[in-house]
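Examining the three-dimensional arrangement
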Amino acid sequence: MLGTKVKLELDNNPEPIPLILNGMDWCRLDEAEGERVYNTSDLRLEPGTITLLMGPNGAGKTTLLEMLAGLRPPEGLQVTYGLEPLWQSGLSGRLRLNEKALRQYSYACQSPEEGLFARSVKDELNYSLRPYNLLDQEREERRHSALAAVGWETSWELRDPYLMSGGERRRCAIASVFVTPAPWVFLDEPTAGLDGAGHDTVAMQLVQMKKNGKGIVMVSHDSDWALPMADHVMLLRMDGSIGLCSREKLLVHPEWLEETGMKVPDWLQMAHWLWCNGADLANVCNPLDAAEAWNPNRLAGQQKVEQQAQQDQQQDGNRQVQLDDNQQDQSIEKLEEKQLNEQRQMATALVRKVREQRFKKDKSHRLTGFDPRSIWLAYVLVSTGLFLLNDWISIGLGAIVVGALLTIGRVSLRRWRGLIVNYAVFSVITSVIFAWGASGSGMIEWEAFTGTLFTFTRTMLILLLGLAIPLVMSPLSLRRSLEQLIMIRGTIPQWAQRFILTVTLMMRFVPVLLELWERFTRIFLARGKTMSRNPVAIGKKLRDVSIPFLLALFRLGDEVVLALESRGVGFNRNPTRAVKLMWKMRDYGAVAGALALAIGLWGLANR
Amino acid sequence: MELQAKVPMVLNRVSLSGQNELGEPSVRLEDINLTVTPGEWLSIVGVNGSGKSTLARLLAGLQLEHSVGEITRGFAGEGICPIVLQQPRAQLFGETPREEVIFALEWRGMAADQIPLLGEQALSKVGLTELADDPWEKLSGGQQQLAAIAAATACETPLLVLDEVTSMLDEMNRDIVMRTARELHKRGMTIIWVTQRLDELEPDTRVVALGEGRVIFDGECREFLYGVSVPGEPAPLSPCLRVGLRLPYLAAMALELRLLGKLEDPLPLTAQEWRKVWGNAGDKG
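Here is what the cut-offs are and how they apply
Residues numbered from 1 in each chain as written. Chains lettered and ligands numbered in written order. Predicted model: local features only at pLDDT ≥ 70, side-chain atom pairs only at ≥ 80, totals over all residues. Heavy atoms only, no water. Phe/Tyr/Trp six-rings, centres within 6.5 Å; stacked < 30°, edge-to-face > 60°. Helix = DSSP H or I, 4+ residues; strand = E, 2+ residues; numbered from the N terminus. Buried < 20%, exposed > 50% of the residue type's maximum accessible area, 1.4 Å probe, protein only. Lys NZ or Arg CZ within 6 Å of the ring centre and 35° of its normal. Pairing = 2+ DSSP bridges. Expected span 1.5 Å × (residues − 1). Arc of directions from axis to C-beta. Axes fitted to C-alpha atoms, helices over the stretch in contact; angles between N-to-C directions. Parallel < 35°, antiparallel > 145°, perpendicular 65-115°, else oblique. Contact = heavy atoms within 4.5 Å. Core = buried A, V, L, I, M, F, W, Y, C linked by side-chain atoms within 4.5 Å. pLDDT = per-residue confidence, 0-100.

1. What about the packing of aromatic side chains?
Residue and element names in this part refer to chain A.
- Following the criterion strictly, the structure yields 16 aromatic pairs over all chains and no others.
- Note on tyrosine 105 and phenylalanine 186: the rings are 5.5 Å apart at their centroids and 25 degrees apart in plane angle, and the pair reads as stacked. Residue tyrosine 105 is found in strand E9 (residues 105-108), and its partner phenylalanine 186 is found in strand E10 (residues 184-188); the two are separated by 81 residues along the sequence. Neither tyrosine 105 nor phenylalanine 186 differs from the other in exposure class; each is buried.
- Aromatic side chains phenylalanine 117 and tyrosine 127 sit 4.9 Å apart centroid to centroid with 85 degrees between the ring planes, which places their arrangement in the edge-to-face category. Pair noted here: phenylalanine 117 is in the loop between E9 and helix H4 (121-129) and tyrosine 127 is in helix H4, with a separation of 10 residues, a long-range link. Assigned by exposure class, phenylalanine 117 and tyrosine 127 land together as buried.
- Members of the aromatic cluster, each reached through a chain of ring pairs, are Tyr81, Tyr105 and Phe186.
- The aromatic ring of phenylalanine 387 is capped on one face by arginine 458, whose charged end is 4.9 Å from the ring centroid.

Okay, structure coming up:
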């Protein structure tokens, strides 16, 4: 009895370990202005603290959280939990996730309830506990305290998450994050969509976990909810560098948010004024304490403002003095508006710059100037030529042609890498099995093998060219070109129109679906914490990822249908066509070239 | 047509029941009475699952077939009104803002020779002229939402419904989207703004708060946050808390200040009002 009790206490207080980041530009903002020293090593987050990660849209807050959790390639960022590095180089020299490090955190992504898949709350919680090899009794204790943390009795264990409301599902998902003994907890917008009571419950639980020595890193746009309990603030800039400061310092220097490319929220401005006018920093974060401290006394205010003006070398002291002066209200409004506009322009320019840098890497293709119909026709011609190839030598030449076409057109097939690799593996395995079956003697018959592989390879060449089409043509312009190709006397049969729209929209959503699938794969890794690649593990992964994926797909489908309806699609039988495609000389050139290639390939096959 | 433009949209005892994932019936809206006046800005708030999205869709003229009760569409007309949703990725069908707007105009059946000009106008209304031919990856979340708004409002439309369009945006992007919506409103468009973020509420606009599918509050924003205090009676409970939403910092502080006797009605709401209150109090002290 005594033994179990001791063990439980140990688990409730997981061994505190720091989280250390290396390889990221960061500086401490707390020190005096002008002397910011940038470092790339040893950004330490201490256990028993709450860190709030703030930054403008697109700076990569979620990406950073996912990197901490090992759900994205490290890209030079070394994350270490205590002594355990998150990534280790394996025998082959490739980086592999360290399962011991994965067990050091628990991660609630945005809308975590979308990742639920079990048929009872109990199963869901047990799933999160599985990587930790706990005794049954301990698991039960943990489950019950996690349920209590979200305000539920133990009887909720048997409830089915699918029969719950959205808010209840969120609670279940949060409970399954709180249930683990991991010393670090990451939360991405934990309160989005929660009601007032939910905000309070989560806040109380986070403060409790902090007292128990856990470290917490979170992203939240409800800054007036999150900042009061944060010990530190990490300001993530568009260029990926980080400014670290304490909550108190941010209250003194709200302009640091503007430097980071964000707007200072009104409430924070108010808390700052209160401090400027003599309120205690410890009180200004809580609105009730702040009301208590509300004592607009000009003299005290003036004094502190002057002090600060000296400190900041008049940098923004001017503004505070003006803010106290309501006679100048109008001009201040204008001044603020001007500042905001400048800020906005700066931020937009910054977003642009970073985005442009990112996009420089993948150069755009060269096919934009062509009529989509000519690209389409050329594709049909060349693939017909490829299809006629009948021996390995001509296939080799065909491969060179395909490679040359993709290179000349500057088309990168990187987006389809996974698909291409899978297809290649599938072809080889199928050919082996076929050759093994064909021999009938348990030996692999070489000719059967090469014969099957040949067919696969030829199809692969056509596939590679075909995969390039959605990359060089937007689905809507593809739709336009198909419709104009089959137009008979200015009209298109109703069924064809519908079919083409469906197909092109499906193409449009392929990247969205891939993104969704990756999202649930990440949730699976964050919860399951297993890297094993045996067939059983892969089968389980498929199941655990595909259920939430399909549900998300239905929701997405609902929204797409709504959006289409509101655009009038489906009601209007004969939409107008604003853009008439025009053939140019180069289009004739492209088709002629493709025809010549096709004839050449045919000649090659019949030499 | 002229007359029709001034007739309000009226929902009279409208209920709507749907099905949950098991196919069991569940009530999503119950006994809604609501009047939308042409040209107004109406904010709809409520916690998740309160029915605010369902109501927004109903007001846009979608999913009417499942509803019972009487709906007079008035100025909004009989067709479906444009609605912009939370996730940009589910509602953008083109690859660039221009393609998106043209797609919308084509399906609205505009004359082909007018479409390029109309598209240009729609893009400039939301300030996307410069970015018209950039792919989505180059646009921020806010700019993607602007493109969706441009596509939705490319044709003259009396009513625009925006369903939690800022929930995935930071403050700066949110400002841009809200400003654009306000400009459309100034041009005479009726705006239904569904949100869960109370700091988006404009001080003197109308707020409708939903709870469990019912209208719990319908009135001015200030009243929604602070309630109406009656002299001689205890301080009123904020309708905002009644529908289960979290009071933002400034509103919570204002209520506490009233309780402590440091402030009196009307309590401040905007940054400007707060500054004024602060200045006056300072003068007294």
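Having seen the model, we can carry on.
2. Observations regarding the sheet that holds strand E9 (residues 214-220) of chain B
Residue and element names in this part refer to chain B.
- Taken in spatial order, the 6 strands line up as E5-E6-E7-E3-E8-E9 in an open sheet, and their pairing is mixed. Each end of this open sheet is capped by a strand with a single partner; those strands are strand E5 (83-84) and E9.
- The sheet contact formed by strand E3 (residues 41-45) and strand E8 (residues 206-211) spans 4 bridges and is parallel. Residue pairing across strands places isoleucine 44 opposite valine 208, the latter belonging to E8.

3. Thoughts on unusual backbone geometry
- Here the bond from aspartate 265 of chain B into proline 266 of chain B is cis, since omega is -5 degrees, no more than 30 degrees from zero.
- Assignment of secondary structure puts proline 266 of chain B in the loop between helix H9 (249-259) and helix H10 (271-284).

4. What to know about helix H5 (residues 136-149) of chain A
Residues and elements named next belong to chain A.
- Taking 1.5 Å of rise per residue, the 14 residues of H5 would be expected to cover 20 Å, and the 20 Å separating its terminal C-alpha atoms lies within 8% of that figure.
- Buried residues of H5: Glu138, Arg142, Arg143, Ala146, Leu147 and Ala149, and no others. In an axial view of H5, the angular spread of the buried residues amounts to 165 degrees, which keeps them on one side of the axis.
- Downstream of H5 by a residue or two, glycine 151 has a phi angle that is positive, lying close to 80 degrees.

5. Overview of the pairing of strand E4 (residues 50-54) of chain A
All names here are of chain A.
- In terms of burial, E4 is largely enclosed, as 5 of its 5 residues are buried.
- Every second residue of E4 is oriented toward a common face, with Ile50, Leu52 and Met54 on one face and Thr51 and Leu53 on the other, all of them buried.
- The sheet contact formed by E4 and strand E12 (residues 232-236) spans 4 bridges and is parallel. The partner of threonine 51 across the bridge, within E12, is histidine 232.

6. Concerning the packing of helix H16 (residues 372-387) of chain A against helix H19 (residues 446-472) of chain A
Residues and elements named next belong to chain A.
- Running from N to C, H16 and H19 point in directions that differ by 170 degrees, and their axes come no closer than 9 Å. Taken together, the axes of H16 and H19 are roughly antiparallel relative to one another. Of the residues in H19, those in contact with Trp376, Tyr379, Val382, Ser383, Leu386 and Phe387 of H16 are Arg458, Leu461, Ile462, Leu465, Gly466 and Ile469.

7. Quick look at the sheet that holds strand E6 (residues 84-85) of chain A
All names here are of chain A.
- In spatial order, the strands read E3-E1-E5-E6; together these 4 strands make up an open sheet with antiparallel pairing. Each edge of the sheet is formed by a strand with only one pairing partner; in this case those strands are strand E3 (43-45) and E6.
- Here strand E5 (residues 78-81) pairs with E6 via 2 bridges, running antiparallel. Considered in E6, the bridge of tyrosine 81 is made with glutamate 84.

8. Here we look at the nonpolar core
- In terms of nonpolar packing, the biggest core is built from 95 residues, with Leu206 and Leu274 of chain A together with Phe224, Leu225 and Met253 of chain B touching the most fellow members.
- In contact with methionine 253 of chain B, other than residues within four places in its own chain, are Met270, Leu274, Pro287, Ala290, Ala291 and Trp294 of chain A together with Trp274 of chain B.
- Counting 91 residues, the second largest nonpolar core, distinct from the first, contains Tyr162 and Phe509 of chain A together with Leu34 and Phe75 of chain B.

9. Looking at the confidence of the model for chain A
Residue and element names in this part refer to chain A.
- The predicted model of chain A has a mean per-residue pLDDT of 80, with 82% of residues at 70 or higher.
- Least confident of the elements in chain A is helix H1 (residues 2-12), whose mean pLDDT is 40; most confident is E4, at 96.
- Counted against residues more than four places away or in other chains, residues 312-329, with its pLDDT under 50, gives 37 contacts.
- In the model, residues 358-363 has pLDDT below 50 throughout and makes 4 contacts with residues more than four positions away in sequence or in other chains.

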